[in-house]
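# Analysis of the macromolecular model
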Amino acid sequence: PGLILGFLWAFFGYSIADGVTTDPIDAMKRSWALVSANVGPLLLLMLAAIGINVLGALLCLVGLLVSLPVTGVAYAYSWRLLTGGRIVPLG
């Protein structure tokens, strides 16, 4: 049950940090609705993030200095993409 709730509340912090809501319960509901509407792609993202972080941990934990920020940016990008937020181009 904890893994399922962790998956459904994966965007809880992004909802608060993006200024969408300041109420924790509302942020949980928003994350739940967003994830349950996009289970397939977000499940693949979560599995890829776990795989990348495991590989980072296998490199004597030094690889986590790269893998954790990369997966954090991937989650932030998916938050912005799924909520219709502004995504600034790199170039």
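Whatever comes next refers back to the structure up there.
These lines cover the structure that appears in this document, whether it is placed above or below.

Reading the values: rules and limits
- Residues numbered from 1 in each chain as written.
- Predicted model: local features only at pLDDT ≥ 70, side-chain atom pairs only at ≥ 80, totals over all residues.
- Heavy atoms only, no water.
- Helix = DSSP H or I, 4+ residues; strand = E, 2+ residues; numbered from the N terminus.
- Buried < 20%, exposed > 50% of the residue type's maximum accessible area, 1.4 Å probe, protein only.
- Contact = heavy atoms within 4.5 Å.
- Expected span 1.5 Å × (residues − 1).
- Arc of directions from axis to C-beta.
- Polar contact = N/O pair within 3.5 Å; in protein donor to acceptor, adjacent residues only side chain to side chain.
- Core = buried A, V, L, I, M, F, W, Y, C linked by side-chain atoms within 4.5 Å.
- Patch = residues over 30% accessible without salt bridge, like charges linked within 9 Å, V, L, I, M, F, W, Y side chains within 5 Å.
- Areas by Shrake-Rupley, 256 points an atom, 1.4 Å probe, with all protein chains shown as cover.
- Salt bridge = Lys/Arg side-chain N within 4 Å of Asp/Glu carboxyl O.

### Concerning the side chain of Asn-53
With respect to the element layout, Asn-53 can be found in helix α4 (residues 39–58). Asn-53 gets classed as buried once you look at its relative accessible area, which sits at 19%. Not counting residues within four places of it along the chain, the set of residues in contact with Asn-53 comprises Leu-64, Ser-67, Leu-68 and Thr-71.

### Some remarks on helix α3 (residues 24–37)
The first and last C-alpha atoms of α3 sit 20 Å apart over 14 residues, in line with the 20 Å expected at 1.5 Å per residue. Taken as a whole, α3 has its buried residues at Ala-27, Ser-31, Leu-34 and Val-35. Along α3, the residues classed as buried sweep out an arc of 95 degrees about the axis, all on the same side. Opposite the buried face of α3, by more than 90 degrees, sit the exposed residues Lys-29 and Ala-37. Those residues of α3 hidden inside the fold are in contact with α1 (2–8), α2 (12–17), α4 and α5 (64–83).

### Thoughts on the environment of Ser-78
One can find Ser-78 in helix α5. Owing to a relative accessible area of 11%, Ser-78 belongs among the buried residues under this scheme. Setting aside residues no more than four positions away along its own chain, Ser-78 makes contact with Phe-11, Leu-42 and Leu-45. Only 2.8 Å separates the side chain of Ser-78 from the backbone oxygen of Tyr-75, close enough to count as a polar contact.

### Here's the deal with the nonpolar core
One finds Phe-7, Leu-8, Phe-11, Leu-34, Val-35, Leu-42, Leu-45, Ala-49, Tyr-75 and Trp-79 forming the largest nonpolar core, which totals 10 residues. Those elements that provide at least two residues to this core are α1, α3, α4 and α5. Looking at this core, the element that brings in the most residues is α4, giving three residues. Sequence-distant contacts of Ala-49, that is, excluding residues within four places in its chain, are made with Thr-71 and Tyr-75.

### Quick word on a nonpolar patch on the surface
Judged by side-chain polarity, Val-39, Leu-43, Leu-47, Ile-50, Val-54, Leu-55 and Leu-58 come together as a nonpolar surface patch covering roughly 640 Å² of accessible area. On the accessibility criterion, Leu-58 (64% relative accessible area) is exposed.

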